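Descriptive structure summary
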There are 2 protein chains.
Amino acid sequence: MQKEMADNVDIPEIIVPVLKALADPNRLRIFAALLRGTSCSGWLTEELGLPANLLSHHLRVLREVGLVQDRRDSVDGRWIYYQVDVVVLALIHQWLSTFLDPDRAALQPRLCGPEVAAKGSNNPAANFVWETTTI
Amino acid sequence: MQKEMADNVDIPEIIVPVLKALADPNRLRIFAALLRGTSCSGWLTEELGLPANLLSHHLRVLREVGLVQDRRDSVDGRWIYYQVDVVVLALIHQWLSTFLDPDRAALQPRLCGPEVAAKGSNNPAANFVWETTTI
DNA sequence: ATATTATTTCAACGACCATTGAATCATTGT
DNA sequence: ACAATGATTCAATGGTCGTTGAAATAATAT
């Protein structure tokens, strides 16, 4: 028996803002760094070679979409630590993993256009071979 | 024995453009529609309620980043069909799945900041409990 | 040839956004 | 109080991007 799959996935509100937040080279690098462990912004500045104010800006974007949390140092309040919010991460991971699953992608032509209208034993749409991408 | 995991993932060139392409509500809806099956733009216009020229614009963006392929109808060349490129999709899916894997996220504090410098039997950084996000 | 259909291109507007330098805030040390 | 440190905010700039309406292609039908 064939495995059942829902072909119509709805898109939660959080997804687009999160994708926007990650769709920037610097922010993606910052997020990647935070995935390697909680860190303070001074360390990130040095590690990523970004000006402190720019880093602060990007960290705020990541924080505002819920991907990152922050807290002050308990012994020296001038330092702030940043950490990935694993709950949000897990949510995003799960949704994207389902949404982008190649096995879910239906490649059958929709009932749409003259090719499909003129279907029969030799439907041209069914026989068409798409170019394969070379990576 | 503990499962080994690379904590330093490099970011392929394609990732940011692809995230940018998907980080738009209309394009994400278009892509979601294409994941349900190959379609012509007339059908998408009607289904998604977007003006034809706007749809064309977004389809071009998706095509330029390699997410989508197009071809003309073999019996009526005025019609164009759009389809998700499963090879690119699989690549993106695999990378994002690894990158955003919550199990990969290291929550240990980096060697960074006064808390960690003053570590010992009662390291405050190790005992700190981050807020849990309610979804 | 002319008209019609499906789709794309063009120009232009407004909004948003990443980056920069200077100023400000918050906290700790002297 | 004052200086020093970690980090944020502010204002300004230049560029990018989504959207719109009109014009232009491309292909078929009459």
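Preceding this paragraph is the structure being described.
Overview of the structure. The shown structure was predicted, so the numbers you read here are calculated from the model rather than taken from an experiment.

**Overview of the sheet that holds strand E3 (residues 80–84) of chain A**
All names here are of chain A. Taken in spatial order, the three strands of this open sheet run E1-E3-E2, and their pairing is antiparallel. Two strands in the sheet have a free side with no partner beyond their single neighbour: strand E1 (39–40) and strand E2 (68–72). By the bridge criterion, five bridges tie E2 to E3 in an arrangement that is antiparallel. Paired with valine 68 across the bridge in E3 is valine 84. The sheet strands contacting helix H2 (residues 25–35) are E1, E2 and E3, and the helix crosses E3 at an angle near 90 degrees.

**Some details on the relation of the copies chain A and chain B**
Both copies of the chain are related by a screw-like operation: a rotation about an axis and a shift along it. Mapping chain A onto chain B calls for a rotation angle of 180 degrees and an axial translation of 0.0 Å; the resulting RMSD is 0.0 Å. Between the two chains, the operation in question is that of a two-fold axis. A symmetric contact is evident, with 100% of the interface residues of chain A recurring at the interface of chain B.

**Concerning the protein's contact with DNA strand D**
In the vicinity of DNA strand D there are 24 residues, among which Ser56(A), Tyr82(A), Arg27(B), Asn53(B) and His58(B) approach most closely. Backbone atoms, meaning sugar and phosphate, make up 76% of the atoms of DNA strand D lying within 4 Å of the protein. The contact in question runs from a phosphate oxygen of DNA strand D to an N or O atom on the side chain of His58(B), over 2.7 Å. Listed by contribution, the elements that provide at least two residues to the surface near DNA strand D are helix H3 (41–48), helix H4 (52–64) and E3 of chain A together with helix H2 (25–35) and helix H4 (52–64) of chain B. Classifying every residue of the surface near DNA strand D by side-chain character gives eight nonpolar, nine polar and seven charged.

**Notes on the packing of helix H3 (residues 41–48) of chain B against H4(B)**
Residues and elements named next belong to chain B. Between H3 and H4, the shortest axis-to-axis distance is 10 Å and the interhelical angle comes to 115 degrees. The orientation of H3 with respect to H4, classified from their angle, is roughly perpendicular. Crossing of H3 against H4: the hand is right-handed. Contacts between H3 and H4 involve Ser41, Leu44, Thr45 and Leu48 on the former and, on the latter, Ala52, Leu55 and Leu59.

**Considering the packing of aromatic side chains**
For any pair of aromatic rings, the description consists of the separation of the ring centres together with the inter-plane angle of the planes. The final tally for this structure, using the stated rule, is six aromatic pairs over all chains. For the pair Trp95(A) and Phe99(A), a centre-to-centre distance of 4.6 Å together with 15 degrees between the ring planes defines the contact as stacked. Of the two residues, Trp95(A) and Phe99(A) are both situated in helix H5 (residues 86–99); the distance of four residues between them amounts to about one turn of the helix. Phe99(A) shares its class with Trp95(A); the two are buried. An aromatic cluster is present here, built from Phe31(A), Trp95(B) and Phe99(B) joined pairwise through their rings. Directly above the ring of Phe128(B) sits Arg71(A), whose terminal nitrogen or CZ lies 3.9 Å from the centroid.

**Here's the deal with the protein's contact with DNA strand C**
DNA strand C sits among 24 residues. The nearest are Asn26(A), Arg27(A), His58(A), Ser41(B) and Tyr82(B). Backbone sugar and phosphate groups make up 78% of those atoms of DNA strand C lying within 4 Å of the protein. Between DNA strand C and His58(A) there is a distance of 2.6 Å, counted from a phosphate oxygen to a side-chain nitrogen or oxygen. Between DNA strand C and the protein, one listed contact pairs a phosphate oxygen with a backbone N or O atom of Ile80(B) at 3.4 Å. Those elements that provide at least two residues to the surface near DNA strand C are H2 and H4 of chain A together with H3, H4 and strand E3 (80–84) of chain B. Class assignment for the residues of the surface near DNA strand C results in eight nonpolar, nine polar and seven charged.

**A closer look at the nonpolar core**
Counting 67 residues, the largest nonpolar core has Phe31(A), Phe31(B) and Leu67(B) as its most contacted members. Setting aside anything within four residues of it in sequence, one finds Phe31(A) in contact with Leu22(A), Leu62(A), Leu67(A), Val68(A), Val84(A), Leu89(A), Phe99(B) and Leu100(B).

**Some words on the interface of chain A and chain B**
Across the boundary between the two partners, chain A contributes 70 residues, which contact 70 residues of chain B. Between chain A and chain B, a total of about 6,300 Å² is buried, with carbon and sulfur atoms accounting for 68% of that surface. Linking chain A with chain B are eleven residue pairs in polar contact (both at pLDDT 80 or more), by the criterion used here. No other element matches the eleven residues that H5(A) contributes to the side of chain A that touches chain B. Class assignment of the residues belonging to the side of chain A that touches chain B gives a composition of 42 nonpolar, twelve polar and 16 charged.

**Quick notes on the environment of Ser97(A)**
Here Ser97(A) is to be found in helix H5. Here Ser97(A) is in contact with His93(B) and Ser97(B), once residues within four sequence places are set aside. For Ser97(A), the side chain forms a polar contact with the side chain of Ser97(B), separated by 3.1 Å.

Rules and cut-offs
- Residues numbered from 1 in each chain as written.
- Chains lettered and ligands numbered in written order.
- Predicted model: local features only at pLDDT ≥ 70, side-chain atom pairs only at ≥ 80, totals over all residues.
- Heavy atoms only, no water.
- Pairing = 2+ DSSP bridges.
- Helix = DSSP H or I, 4+ residues; strand = E, 2+ residues; numbered from the N terminus.
- Contact = heavy atoms within 4.5 Å.
- Axes fitted to C-alpha atoms, helices over the stretch in contact; angles between N-to-C directions.
- Least-squares fit on C-alpha atoms with pLDDT ≥ 70 in both.
- Near = heavy atom within 4 Å.
- Polar contact = N/O pair within 3.5 Å; in protein donor to acceptor, adjacent residues only side chain to side chain.
- Nonpolar A, V, L, I, M, F, W, Y, C, P; charged D, E, K, R; others polar.
- Parallel < 35°, antiparallel > 145°, perpendicular 65-115°, else oblique.
- Left-handed = near helix turned anticlockwise from the far one by under 90°.
- Phe/Tyr/Trp six-rings, centres within 6.5 Å; stacked < 30°, edge-to-face > 60°.
- Buried < 20%, exposed > 50% of the residue type's maximum accessible area, 1.4 Å probe, protein only.
- Lys NZ or Arg CZ within 6 Å of the ring centre and 35° of its normal.
- Core = buried A, V, L, I, M, F, W, Y, C linked by side-chain atoms within 4.5 Å.
- Buried area = accessible area lost by both parts, 1.4 Å probe.

None of this, on its own, says anything about what the molecule does.
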